[in-house]
Amino acid sequence: MTCPKCHSPMQTFNRQGIHIEQCAGCGGIFLDRGELEQIVMAEQRHYAAPPPYPGGYSDSPPPYQGHRDSPPPYHPGHAPHHGHYKDSPPPYGHRGRRRGFLEELFD
């Protein structure tokens, strides 16, 4: 198959069950009939909310409510050193931006 734009050879990639043709010369991406709809449906499934949790077991303990002898909860900004203690590890979730569905698909 050749690229309709620059006439270079095209490569076919299977990304999450969708066949995508990409030009080796200009890098253009070409989709066959119905593939755009498949991408939209896959993106909707990717970002859909997970099904609700049905609940715990009958013998599960109650949720933690705290105890009188527990230390107060940590609140950023109320501690020295710009919102965290100097010996604290870095906060979770600050590893960079999460890649989007289309970035993963076309990477």
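This text follows the structure it describes.
The text that follows walks through the structure, step by step, so that each part is easy to find. (Residues numbered from 1 in each chain as written. Predicted model: local features only at pLDDT ≥ 70, side-chain atom pairs only at ≥ 80, totals over all residues. Heavy atoms only, no water.)

1. Some thoughts on the nonpolar core
Ile-18, Ile-20, Ile-39, Ala-42, Phe-101 and Leu-105 form the largest nonpolar core, which has 6 residues in total. Taken together, the elements giving at least two residues each to this core come down to β2 (18-23), α1 (35-47) and α3 (101-106). Not counting residues within four places of it along the chain, the set of residues in contact with Phe-101 comprises Gln-16, Ile-39, Ala-42, Glu-43, His-46 and Tyr-47. (Core = buried A, V, L, I, M, F, W, Y, C linked by side-chain atoms within 4.5 Å. Buried < 20%, exposed > 50% of the residue type's maximum accessible area, 1.4 Å probe, protein only. Helix = DSSP H or I, 4+ residues; strand = E, 2+ residues; numbered from the N terminus. Contact = heavy atoms within 4.5 Å.)

2. Some remarks on the environment of Glu-35
In this fold, Glu-35 is placed in helix α1. Accessibility expressed as a relative area gives 7% for Glu-35, which makes it buried. Along the sequence, Glu-35 and Ile-20 sit 15 residues apart, while their C-alpha atoms lie 8.1 Å from each other. If we skip the residues at most four places from it in the chain, Glu-35 touches Ile-18, His-19, Glu-21 and Phe-30.

3. Here we look at α1
The end-to-end C-alpha separation of α1 is 18 Å, in line with the 18 Å expected for 13 residues at 1.5 Å each. Along α1, the positions that sit buried rather than exposed are Glu-35, Ile-39 and Ala-42. Looking down the long axis of α1, one finds its buried residues gathered within 65° of arc, a one-sided arrangement. (Expected span 1.5 Å × (residues − 1). Arc of directions from axis to C-beta.)

4. Considerations on the sheet that holds β2
An order of β1-β2-β3 is seen for the 3 strands of this open sheet, with the pairing classed as antiparallel. Looking at strand neighbours, the two that pair on one side only are β1 (10-15) and β3 (29-30), the edges of this open sheet. Here β2 runs beside β3; their pairing, made up of 2 bridges, is antiparallel. For Gln-22, the partnering residue across the bridge sits in β3 and is Ile-29. Relative to β2, α1 is tilted by about 120°, and along the sheet it contacts β2 and β3. (Pairing = 2+ DSSP bridges. Axes fitted to C-alpha atoms, helices over the stretch in contact; angles between N-to-C directions.)

Any link to function would need more than the numbers given here.
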